[in-house]
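Listed below, chain by chain, are the residues.
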Amino acid sequence: MESTISEIAEGVFGRNFVLKPEQMNSLITLATTGKDVWMQLPTGYGKSCVFTLFPLLMSKPHPSQGEEKGSLSTNDVDIVIASPEALLSAAWKSVMTKSDFCGKVCLLCFDEGHCISQWGLDFRPAYRRACEVVTFFSGTPTLVATATATEKVYEDVKQMLALSPVMIGKLPDRPNIYIDVRHVTDKYEEALQWLLSEVEERGEMSRKIIVFTNSLKTCASIYSWIVSNVTTKTCRHDTEQHHVVEMLHSRTTPGKSKEIIAGISAPGGCLRVVIATVAFGLGVDIEDIDIVVNWGLGNALTYWQEVGRCARDGRRGEAILYCFKRSLSMCGDSIMRDMATTTACLRATILSQFHLPGMIMSKLESAQCRGTCEDSSQCRKCQCCSNCRLMCKSSAKGDELC
């Protein structure tokens, strides 16, 4: 079966495309056992490949990338993608009650499945109600795909969908991202001086940076501080030039949001720094972000999702979490409080919440420090996190990255 799956994958994604073991295992499990599957894989790992290829595997066509869209009325489709809000409409329910349609459905997939849970990131009430669709397709396997679900979220979604799924999972580790926790006062003018210098000195050649804040007020304050303190012409907003710094939050208009996302996504573009709230999140896929900054403690699930915006193309990236007394006292998330106070590995601390029953515990990239490394870029301890870096005994490890 692996050869058949590989052949179909190459037909869809091009020659030399190779499925990862977890993707292949998910497809084979669904196809040969008919059991439900919980697929928890890191952001950018290719979860969508599974639900894209599965209907093609079951019907065994050989589509080209330029194949035209089919029609629901003639059942001339391989994949139907719908929002949970749409599935609740009378029009969709009338489609799902037709036997000729139901009989052709080979898989139900809940992408971003953590949204079903009231304990999950980006909980959507409509998504929870959309679970009703499983009643229309008894005997059809269900695939839940997500990157960030805790055990509490996992158990909640299982109960909602009445699943006893096969677990195919991998810790959402991003070993190419250095995790840095810094203890500061709440004066961002002091802690973020390096960011102001970056924009001032390098302008349109600055590294790409996203700064996440916990409130619109803080977002606007940091943004205003930067643009009012730089003298480089292209960074100032009293000119008609393209901007190096922008801010994005829940009150940003859709048109402006689209412009900002396009600007920061463009390779070699002028826009290099975005000050944002959580509004700059789900669905945004930018490959070449160099640094993600979190100003203050928040929710652990949100934090790790935001860290995941960094270095998606595999480059070395850095995630900096700034902890100050007020944010620590107001934080109700035990994992984030641990991140702020632990002397142990920060990567292991945050990833511990994503280990689910039945998931194989993979070894983290931060191996034991050799203690004699001559180059910190070759030491996994030095590349892991700021706590592990302190444990490294090498005199060559150097200063902080930023």
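On a predicted model such as this, the values are computed, not experimentally measured, just so you know.

### Things to note about the side chain of Glu-306
In this structure, Glu-306 sits in helix H13 (residues 300-307). Of the side chains bearing the opposite charge, Arg-309 lies closest to the buried Glu-306, which forms no salt bridge; the N-O distance is 7.0 Å. Excluding its chain neighbours within four sequence positions, the residues that come into contact with Glu-306 are Phe-212, Val-278, Val-292 and Asn-294.

### A few points about the sheet that holds strand E9 (residues 291-295)
Strand order in the open sheet formed by 6 strands is E5-E10-E9-E6-E8-E7, and the pairing between neighbours is parallel. Both outer strands of the open sheet, strand E5 (177-183) and strand E7 (245-248), are each paired with one neighbouring strand and no more. Ignoring strand direction, the axes of neighbouring strands in this sheet form an average angle of 15°. Where E9 and strand E10 (residues 317-323) come together, 5 bridges link them in parallel fashion. Opposite Trp-295, over in E10, you have Tyr-322 as the bridge partner. In the packing of helix H12 (residues 254-265) onto the sheet, the strands contacted are E7 and strand E8 (273-276), and the crossing angle to E7 comes to about 135°. Of the strands in this sheet, E5, strand E6 (209-213), E9 and E10 touch H13, which is tilted by about 155° from E9.

### Remarks on helix H1 (residues 2-13)
Along its 12 residues, H1 runs 16 Å from first to last C-alpha, staying within 8% of the 16 Å computed at 1.5 Å per residue. Within the sequence span of H1, burial applies to Ile-5, Ile-8, Ala-9 and Val-12. End-on, the buried residues of H1 take up no more than an arc of 105°, which puts them together on one face. For H1, the elements touching its buried residues are helix H2 (21-33) and helix H3 (47-59). Looking one or two residues beyond H1, the residue adopting positive phi is Gly-14, at roughly 105°.

### Points about the confidence of the model for the chain
With 84% of its residues at a pLDDT of at least 70, the chain reaches an overall mean of 85. With pLDDT under 50 throughout, residues 367-372 is counted as low confidence; its partners more than four residues away or in other chains account for 10 contacts.

### Notes on the nonpolar core
The biggest cluster of nonpolar side chains holds 67 residues, and the ones touching the most others in it are Phe-280, Tyr-303 and Met-339. No other element matches H13, which puts 5 residues into this core. Listed in part, the 26 residues of the second largest apolar core include Leu-195, Val-211, Trp-225 and Ile-275.

### Topic: the environment of Thr-150
Structurally, Thr-150 is set in the loop between strand E3 (142-146) and helix H8 (151-161). Here Thr-150 falls in the buried class, since its relative accessible area comes to 15%. Taking the C-alpha atoms as reference points, Thr-150 and Leu-351, separated by 201 residues in sequence, lie 9.8 Å from one another. Non-local contacts of Thr-150, meaning those with residues more than four positions away in its chain, are made with Leu-301, Gln-353 and Leu-356.

### Regarding the sheet that holds strand E2 (residues 108-111)
Taken in spatial order, the 4 strands of this open sheet run E2-E3-E1-E4, and their pairing is parallel. In the strand order of this sheet, the two ends are held by E2 and strand E4 (166-169), each with one partner. If you compare each strand with its neighbour and ignore which way they point, the axes differ by 15° on average. As defined by bridge partners, strand E1 (residues 37-40) adjoins E4 across 4 bridges and the pair is classed as parallel. Following the sheet pairing, Met-39 is matched in E4 by Ile-168. Of the strands in this sheet, E1 and E4 touch H2, which is tilted by about 165° from E4. Its contacts with the sheet place H3 against E1, E2 and E3, and it is angled at close to 155° to E3.

### Focus: the pairing of E1
Residues of E1 alternate between two faces, with Val-37 and Met-39 on one and Trp-38 and Gln-40 on the opposite face, all of them buried. Pairing of E1 with E3, which is carried by 4 bridges, proceeds in the parallel orientation. Across the sheet, residue Val-37 finds its bridge partner in E3, namely Leu-143.

### With respect to the pattern of salt bridges
Under the counting rule described, the total for this entry stands at 16 salt bridges. With a closest N to O distance of 3.1 Å, Lys-208 and Asp-288 form a salt bridge. Of this pair, Lys-208 sits in the loop between helix H10 (193-202) and E6 while Asp-288 sits in the loop between E8 and E9, and the two are 80 residues apart along the sequence. Comparing Lys-208 with Asp-288, the two get one shared label, buried.

### Comments concerning the side chain of Ser-386
With respect to the element layout, Ser-386 can be found in helix H18 (residues 386-391). Residue classification places Ser-386 among the buried residues on the basis of a relative accessible area of 12%. Those residues in contact with Ser-386 that sit more than four places away from it in its chain are Tyr-178, Ile-179, Asp-180, Val-181 and Leu-346.

### A word on the packing of H2 against H3
Interhelical geometry of H2 versus H3 gives an angle of 40° and a closest axis separation of 10 Å. In terms of axis orientation, H2 runs oblique to H3. Crossing of H2 against H3: the hand is right-handed. Side by side, H2 and H3 meet where Gln-23, Ser-26, Leu-27, Leu-30 and Ala-31 of the first sit next to Cys-49, Val-50, Leu-53, Phe-54, Leu-57 and Met-58 of the second. Tallied by class, residues from the contact of H2 with H3 come to 9 nonpolar, 2 polar and no charged.

### Here we look at the packing of aromatic side chains
Enumeration according to the criterion identifies 10 aromatic pairs in this entry. Ring geometry for Trp-295 and Tyr-322: centres 5.3 Å apart, planes at 45°, overall tilted. Note that Trp-295 is positioned in strand E9 and Tyr-322 in strand E10, a separation of 27 residues in sequence. As far as the burial class goes, Trp-295 and Tyr-322 line up, both buried. A network of ring pairs unites the aromatic residues Tyr-188, Trp-225, Trp-295, Tyr-322 and Phe-324 as a single cluster.

Reading guide: rules and limits
- Residues numbered from 1 in each chain as written.
- Predicted model: local features only at pLDDT ≥ 70, side-chain atom pairs only at ≥ 80, totals over all residues.
- Heavy atoms only, no water.
- Helix = DSSP H or I, 4+ residues; strand = E, 2+ residues; numbered from the N terminus.
- Buried < 20%, exposed > 50% of the residue type's maximum accessible area, 1.4 Å probe, protein only.
- Lys, Arg positive; Asp, Glu negative; His and termini not counted.
- Salt bridge = Lys/Arg side-chain N within 4 Å of Asp/Glu carboxyl O.
- Contact = heavy atoms within 4.5 Å.
- Pairing = 2+ DSSP bridges.
- Axes fitted to C-alpha atoms, helices over the stretch in contact; angles between N-to-C directions.
- Expected span 1.5 Å × (residues − 1).
- Arc of directions from axis to C-beta.
- pLDDT = per-residue confidence, 0-100.
- Core = buried A, V, L, I, M, F, W, Y, C linked by side-chain atoms within 4.5 Å.
- Parallel < 35°, antiparallel > 145°, perpendicular 65-115°, else oblique.
- Left-handed = near helix turned anticlockwise from the far one by under 90°.
- Nonpolar A, V, L, I, M, F, W, Y, C, P; charged D, E, K, R; others polar.
- Phe/Tyr/Trp six-rings, centres within 6.5 Å; stacked < 30°, edge-to-face > 60°.

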